[in-house]
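So the chains spell out like this:
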Amino acid sequence: MNAIRRKAASLKKDNYTIITQLALLVVLIFRIPLGYIAGDKGLAYFGTANEIFLLAAGAASYSLSEAVAFHVRYRLKREQTKSAEKTLRLALIYGAVVGALLSLLFVFGGFAITEKIMRIPLAGLSVCIMAPSIFFFILTGVFRGYFQGNGSKIPAIHSQILFTVFLAAGGLTGAAVLHNYGNKVAALLRNTDYAAAYGAMGASIGLLSASVFCFIHALALYFIFRRGSKRQADRELQRNQDSGLSIFRVLLGTGFLYFLYFLTFHIMPLLDQCLYFASKEDTGTLSLSWGMYYGKCLVIIGVICGVISLFCVLPRRITTILEREEKRFAKERLGIFTHQCAAVSIPAAVFLAVFSENILTVLFKGSQQQAVPWLQLGSLIIIFYVPGSLFMEILLKNRRMNYVVCVGAGALLFHIGAAVLLVRVAKIGITGVITSVIIFHVLVAVAGLFLISRLFGYSQEWIKTFVFTIVISAIAGVISLLLNKLLSQFIGMAFSMLICLVIGVVIYMLLLVVARAFREEELEEMTGGWILIKLSERLRYM
């Protein structure tokens, strides 16, 4: 019976992780149609508001959510329902105060911040419209934490789905309507940038509507849930109750570490934008380049990383084994997990570099030649992001938050130093930004592997995991590149990419089998390993 309950709980956690990953993918994909409406400059303006929202609302919401979940769970285990309710009330008050202050700051200071600090003045329209959403998003996070503390992640899953739906529907509708109005303003002021700015402002309406509706949804669920908790509180025996000040201090102390974790791993785009726009070039030219990078390169790289992470589910299995103190089996799983990450992320990066021009031409309108080398360079991010993020997930689930924060903070400092040297001193623009992002993810992946090796006594196998995979991926990539160059002249970019990608993947898998890069037991544990098993049996290599 206990095994069945553990399996059901694990399945619920997996569902929550999958929905969260899918929601993030939708948020990234949302930028593609937005680019058709508002253009590259509009993406730069919206990106400013979006990253400020992510940093301000996301950090406060995430830290409060985790702190409330932890303390509500702790109180309920000790049958202290009244203390759990007091924790929620104090968190709501604190969240409301912080959210209101941040919202007022960006409503009344949005134009000054975007002009003086971000150096992209027309983004002020988007920031001012986005600002109230910070208040609602933080309070929604508090309710999510309360429900999670009561043992249910279903409200959080519903909230994720609602947010993506309203962001996409409200954002694209608002962008289309206000972009048309912005064309009239642009004609009146004789400045075409206002059309993009109004389109971005309309997209920010999506953030606002999504945050408001998610808050209403969470509030309604709380009032429904409150009836049962109130009856339980009335039956509770009077015990020593913690004071409000004591609970408030504990909430701040618990949430602070989560706040630092979120900050170190999500502040990069905003910092990079500040450094990039600090150069003395024309703001319009900088906005155009940043919009291409933010709305095209980062979207494609982010979607590929998200899809790969979605199917790499081994960290949760490793965590379960470690909780049962079965370290020998955990080491084996870690080896399989690392090999799987390499076997998927390395060829994905190679194929992205090969088909970068095809992808940009198919997905976006206009000339994409400027973005092609950026995307090719950015493909290196995939190789290190996937294992790095999953190493961090393993550490988080094994209660090593302090290690994760230290890794993130250290990598961020190196990233900032590299960005200053490459963007401000060497003046190589977006190339410098991408290079500094790669440095960040390299450091996170290396530090994560080092910590896991030390903590769990894991020893990495290098030849089959990395050397074989790199060589095989390079061979498949070169063949795909040559075929793509030949076929794209006759059948177009889209069909050429599809045909050559299929051929490249087949060649890659055949070479894996011929080189015997995986053991049979590794393939049995891997996601999608059955394909290679069937192929090996057909070719009689197993």
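As for the overall build of the protein
Along the backbone of the protein there are 19 helices and 0 strands. The 542 residues of the protein split such that 50% are buried. Restricting the contact set of the protein to residue pairs at least 6 apart, pairs at least 24 apart contribute 80%. Element-wise, carbon and sulfur atoms account for 67% of the exposed surface of the protein, whose accessible area totals about 25,200 Å².

A few points about the environment of L510
Position of L510 relative to the elements: it lies in helix α17 (residues 463–514). For L510, a relative accessible area of 33% gives the class partly exposed. Expressed as a C-alpha distance, the spacing of L510 and A476, which sit 34 residues apart in the sequence, is 9.9 Å.

Some remarks on unusual backbone geometry
Phi is positive for R119, close to 60 degrees, though the residue is something other than glycine. Looking at where R119 falls in the secondary structure, it is placed in the loop between α3 (81–117) and α4 (124–130). At K427, a residue that is not glycine, the phi angle is positive and equals roughly 55 degrees. With respect to the helices and strands, the residue K427 is situated in the loop between α15 (401–425) and α16 (430–456).

Here we look at the nonpolar core
Grouped together as the largest cluster of nonpolar side chains are 134 residues, with contacts concentrated most on W290, Y293 and I382. Ranked by residues supplied to this core, first place goes to helix α2 (residues 31–77) with 18 residues. Apart from the residues within four sequence positions on either side, I382 is in contact with I301, I304, C305, I308, S345, A348, A349, L352 and P387.

Things to note about the pattern of salt bridges
One pass over the full model with this rule turns up 3 salt bridges. Between D40 and K296 there is a salt bridge whose closest N-O contact spans 3.2 Å. Taken together, the residues D40 in helix α2 and K296 in helix α10 (residues 283–311) connect sequence positions 256 residues apart. You can call D40 buried: its relative accessible area is 16%. The exposure class of K296 is buried, given its relative accessible area of 5%.

Here's the deal with the packing of α15 against α16
Direction vectors running N to C along α15 and α16 enclose 155 degrees, while the axes themselves pass 8 Å from each other. Considered as vectors, α15 and α16 are oriented roughly antiparallel to each other. Along this stretch, α15 crosses α16, giving a crossing that reads as right-handed. For the pair α15 and α16, the contacting residues are Y403, V407, G408, A411, L412, F414, H415, A418, A419, L422 and V423 in the first and G432, V433, T435, S436, V437, I439, F440, L443, V444, A447, L451 and L455 in the second. Across the contact of α15 with α16, the residue classes break down as 18 nonpolar, 5 polar and no charged.

Some thoughts on the side chain of D40
A distance of 3.2 Å separates the side chain of D40 from the side chain of K296, its partner in a polar contact. Those residues in contact with D40 that lie beyond four places of it in its chain are S287, L288, G291, M292 and K296.

A look at the environment of L360
Its location among the elements puts L360 in helix α13 (residues 356–363). Remark: the alpha-carbon pair of L360 and V372, spanning 12 residues in sequence, is separated by 7.5 Å. The residues contacting L360, other than those within four sequence positions of it, are K296, I300, Q368, A371, V372 and L375.

Some points on the side chain of S126
The topology assignment puts S126 in helix α4. Here the side chain of S126 touches A200 through a polar contact of 3.4 Å, landing on its backbone oxygen. Here S126 is in contact with Y45, F46, A49, A197, A200, M201 and S204, once residues within four sequence places are set aside.

Describing α15
The first and last C-alpha atoms of α15 sit 35 Å apart over 25 residues, in line with the 36 Å expected at 1.5 Å per residue. Residue K427 follows α15 closely and has a positive phi angle near 55 degrees.

Digging into a nonpolar patch on the surface
The grouping of L486, F490, I491, F495, L498, I499 and I503 at the surface amounts to a nonpolar patch, some 690 Å² of accessible area in total. On the secondary structure map, F490 appears in helix α17.

So, the confidence of the model for the protein
Here the protein averages 85 in pLDDT, and 86% of its residues register 70 or above. Within the protein, the lowest mean pLDDT, 53, falls on helix α11 (residues 314–323), and the highest, 95, falls on α4. Counting contacts from residues 1–11, a segment whose pLDDT is below 50, to residues more than four positions away or on other chains yields 1 contact.

Considering the packing of aromatic side chains
By the definition in use, this model includes 23 aromatic pairs. Members of the aromatic cluster, each reached through a chain of ring pairs, are F135, F136, F143, Y146, F147, F215, Y222 and F223.

Some points on α3
An ideal rise of 1.5 Å per residue puts 54 Å on 37 residues; α3 reaches only 46 Å between its terminal C-alpha atoms. Helix geometry: α3 is bent most strongly at G109, by close to 75 degrees. R119 sits one or two positions beyond α3 and adopts a positive phi of about 60 degrees.

Structural notes on a positive patch on the surface
There is a patch of like positive charges on the surface, built from R73, K77, R78, K153 and R399. Position of K153 relative to the elements: it lies in the loop between α5 (132–149) and α6 (154–189).

What counts as what
- Residues numbered from 1 in each chain as written.
- Predicted model: local features only at pLDDT ≥ 70, side-chain atom pairs only at ≥ 80, totals over all residues.
- Heavy atoms only, no water.
- Helix = DSSP H or I, 4+ residues; strand = E, 2+ residues; numbered from the N terminus.
- Buried < 20%, exposed > 50% of the residue type's maximum accessible area, 1.4 Å probe, protein only.
- Contact = heavy atoms within 4.5 Å.
- Areas by Shrake-Rupley, 256 points an atom, 1.4 Å probe, with all protein chains shown as cover.
- Core = buried A, V, L, I, M, F, W, Y, C linked by side-chain atoms within 4.5 Å.
- Salt bridge = Lys/Arg side-chain N within 4 Å of Asp/Glu carboxyl O.
- Axes fitted to C-alpha atoms, helices over the stretch in contact; angles between N-to-C directions.
- Parallel < 35°, antiparallel > 145°, perpendicular 65-115°, else oblique.
- Left-handed = near helix turned anticlockwise from the far one by under 90°.
- Nonpolar A, V, L, I, M, F, W, Y, C, P; charged D, E, K, R; others polar.
- Polar contact = N/O pair within 3.5 Å; in protein donor to acceptor, adjacent residues only side chain to side chain.
- Expected span 1.5 Å × (residues − 1).
- Patch = residues over 30% accessible without salt bridge, like charges linked within 9 Å, V, L, I, M, F, W, Y side chains within 5 Å.
- pLDDT = per-residue confidence, 0-100.
- Phe/Tyr/Trp six-rings, centres within 6.5 Å; stacked < 30°, edge-to-face > 60°.
- Bend = angle between axes of the 7 residues up to and from the residue.
- Lys, Arg positive; Asp, Glu negative; His and termini not counted.
- Charge placed at Lys NZ, Arg CZ, Asp CG, Glu CD.

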